[in-house]
Amino acid sequence: MNTKKLVTTALIIAMGVVSNSIFVIPIGIAKVAPMQHLLNVLTAVWLGPGYAVLQAFGVSVLRNLLGTGTIFAFPGSIIGAVCAGMFYARTQKIGYAALGEWIGTGILGSLVSTLLAQLFMGMEAALMLFLPSFAISSAIGAGMAYFIILEMGKRSVLDRNKI
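This structure is a prediction, so every number in the text was calculated from the model and none was measured.

Undergrad: Is there a simple way to explain the confidence of the model for the protein chain in this structure?
TA: Caution applies to low-pLDDT regions: their predicted coordinates should not be interpreted in detail. Here the protein chain averages 77 in pLDDT, and 79% of its residues register 70 or above. Here helix α7 (residues 157-160) is the element of the protein chain with the lowest mean pLDDT, 50, and helix α4 (residues 74-91) is the one with the highest, 87.

Undergrad: Hey, could you run me through the side chain of T43 in this one?
TA: Along the polypeptide, T43 turns up in helix α2 (residues 34-46). Within the structure, T43 has its side chain in polar contact with the backbone oxygen of L39 (distance 2.7 Å). Excluding residues within four positions of it along the chain, T43 makes contact with I12, G48, Y51, A52 and Q55.

Undergrad: I'm lost on α2 in this one. Help?
TA: Three or four residues apart is the spacing at which side chains of an α-helix point the same way, because the helix has 3.6 residues per turn. With 13 residues, α2 ought to run about 18 Å at 1.5 Å a step, and its terminal C-alpha atoms sit 18 Å apart, in line with that. Burial analysis of α2 places 12 of its 13 residues in the buried class, the great majority of the element. Note on α2: the residue one or two positions beyond its end, G48, has a positive phi of about 120 degrees.

Undergrad: For this particular structure, what's the right way to read the packing of α2 against helix α3 (residues 49-66)?
TA: Packed helices, taken two at a time, are described by the angle between their axes plus the distance between the axes. At their nearest, the axes of α2 and α3 sit 7 Å apart, and the two run at 155 degrees to each other. Taken as axis vectors, α2 and α3 run roughly antiparallel relative to one another. Judged by the sense of rotation from one axis to the other, the crossing of α2 with α3 is right-handed. Between α2 and α3, the residues in contact are Q36, L39, N40, T43 and A44 and P49, Y51, A52, Q55, A56 and V59, respectively. A breakdown of the residues in the contact of α2 with α3 according to their chemical character gives 7 nonpolar, 4 polar and no charged.

Undergrad: Explain the environment of T91 to me, please; I cannot follow it from the model alone.
TA: Looking at where T91 falls in the secondary structure, it is placed in helix α4. With relative accessibility at 29%, the residue T91 sits in the partly exposed group. Within the structure, T91 has its side chain in polar contact with the backbone nitrogen of K93 (distance 3.2 Å).

Undergrad: Just checking my understanding: could you explain unusual backbone geometry for this structure?
TA: Glycine aside, negative phi is the norm for most residues, and most peptide bonds take the trans geometry. A positive phi is found at Q92, a non-glycine position, where the angle reads about 60 degrees. For Q92, the position within the fold is in the loop between α4 and α5 (94-121). For Q92, a relative accessible area of 51% puts it in the exposed group.

Basis of the calculations
Residues numbered from 1 in each chain as written. Predicted model: local features only at pLDDT ≥ 70, side-chain atom pairs only at ≥ 80, totals over all residues. Heavy atoms only, no water. pLDDT = per-residue confidence, 0-100. Helix = DSSP H or I, 4+ residues; strand = E, 2+ residues; numbered from the N terminus. Polar contact = N/O pair within 3.5 Å; in protein donor to acceptor, adjacent residues only side chain to side chain. Contact = heavy atoms within 4.5 Å. Expected span 1.5 Å × (residues − 1). Buried < 20%, exposed > 50% of the residue type's maximum accessible area, 1.4 Å probe, protein only. Axes fitted to C-alpha atoms, helices over the stretch in contact; angles between N-to-C directions. Parallel < 35°, antiparallel > 145°, perpendicular 65-115°, else oblique. Left-handed = near helix turned anticlockwise from the far one by under 90°. Nonpolar A, V, L, I, M, F, W, Y, C, P; charged D, E, K, R; others polar.

Written out as structure tokens, the structure is:
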């Protein structure tokens, strides 16, 4: 693994832990935290799929240790990072990375997390907590990442500052 990419991933993890603890939108009893989804896409595009998964794993573990995350969201975030990384690696298109994040977290991840939460909290609570929040969160975060990367690409920041 590349040392620069590991250090960058560690910085993204730190930003993720802080931003995901601060920028949360309550929707009923569910919480929408689009920053994690934005970071999954950015990491997948800039550093690669393996670093996206490492970043999602690191943020999830630290947030759970700090009490600002939920253990049930952990697999959803990892699935989203994997899909964002795989979609981008195959196509080299930012839109597909964003789509991969939404499919991975918003659909697949929400289903897995809902099933886990159902075992511990009951079906009604699980449905209210995960299905709407993951779908909304991942759509907002992936969309933000898509437009941020496009704007940075227009300004050629990515070309001058390759990691």
